[in-house]
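# Examination of the molecular architecture
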Amino acid sequence: SGMAAEDAHSYRRGIFTGRMGDGRYIVMIPQVCAAMMGTIAFSLLFGVPRKYYIWCGLIGGAGWAVYVLASGYVSGAGASFAATVVVIFLSRAAAVVNRCPVTIFLISGIFPLVPGAGIYWTVYYLVTEQLGLAVYTGYEAVKAAVAIVLGIVFVFELPQGVFRWMAKAFVKIP
């Protein structure tokens, strides 16, 4: 039999927030680096032009950093929402600065936030007939997915002019 649902949740929260020792947020550094590398690798598979790899990596890493920081204060779904808002905001800004479609950065940047492990564990618990844990992990994965969708919708409701204005204010665009 596995860990109780609350024990598993607390353990995962401790890993994400770095609260498992004296180096409070030291665990965050390799996680953000791994998120950046994973985002760049996914960008390669997704067919993103090479000149945008760094942008994609930075956006994916920033999203994961926000997720890790927020997960210490809000639920997993709340952390997913906050991180998604940052990823989509940065994706739209990068698209304006680079004069390219936002999907280049959006799809790659959202990659670290997708609740793939939650879906995996839900199926695992179903197969091993641990229905309580299956319901718990499945519900958490669905909440995270809905939070991601809401974050995308929230930022896409901002007018494009906001991002053009920001780009002109911070970056010299020809």
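If you're wondering where the values come from, they're calculated on a predicted model, not measured in any experiment. (Residues numbered from 1 in each chain as written. Predicted model: local features only at pLDDT ≥ 70, side-chain atom pairs only at ≥ 80, totals over all residues. Heavy atoms only, no water.)

### Description of the overall build of the protein chain
- When helices and strands are tallied, the protein chain shows 8 helices and 0 strands.
- Reading the protein chain from its N end, one meets helices and strands in the order α-α-α-α-α-α-α-α.
- Counting over 174 residues, the protein chain shows a buried share of 40%.
- Taking the contacts inside the protein chain whose residues are at least 6 apart along the sequence as the reference set, 68% of them involve residues at least 24 apart.
- Accessible surface, the protein chain: about 9900 Å² in total, of which carbon and sulfur atoms supply 72%. (Helix = DSSP H or I, 4+ residues; strand = E, 2+ residues; numbered from the N terminus. Buried < 20%, exposed > 50% of the residue type's maximum accessible area, 1.4 Å probe, protein only. Contact = heavy atoms within 4.5 Å. Areas by Shrake-Rupley, 256 points an atom, 1.4 Å probe, with all protein chains shown as cover.)

### Looking at the packing of aromatic side chains
- Under the defined criterion, the tally for this structure stands at 11 aromatic pairs.
- Pairwise contacts between aromatic rings join Y120, W121, Y124 and Y125 into one cluster. (Phe/Tyr/Trp six-rings, centres within 6.5 Å; stacked < 30°, edge-to-face > 60°.)

### Let's talk about the pattern of salt bridges
- If you walk through the whole model with that rule in mind, you get 1 salt bridge.
- For E140, the salt bridge identified is with K143, shortest N-O distance 3.2 Å. On the criterion of helical spacing, the pair formed by E140 and K143 is a turn pair, its members being 3 residues apart in helix 7 (residues 131-156).
- Judged by its relative accessible area of 27%, K143 falls in the partly exposed class. (Salt bridge = Lys/Arg side-chain N within 4 Å of Asp/Glu carboxyl O.)

### Quick notes on the nonpolar core
- Within the largest apolar cluster, 34 residues are counted, with the highest numbers of intra-cluster contacts made by W64, I104, F105 and L113.
- Listing elements by their share of this core, those giving two or more residues are helix 2 (28-46), helix 3 (53-71), helix 4 (76-98), helix 5 (103-110), helix 7 and helix 8 (160-170).
- Sort the elements by how many residues they give to this core and helix 4 lands first, with 9 residues.
- Apart from the residues within four sequence positions on either side, L113 is in contact with G63, W64, Y67, A83, T84, V87 and I148. (Core = buried A, V, L, I, M, F, W, Y, C linked by side-chain atoms within 4.5 Å.)

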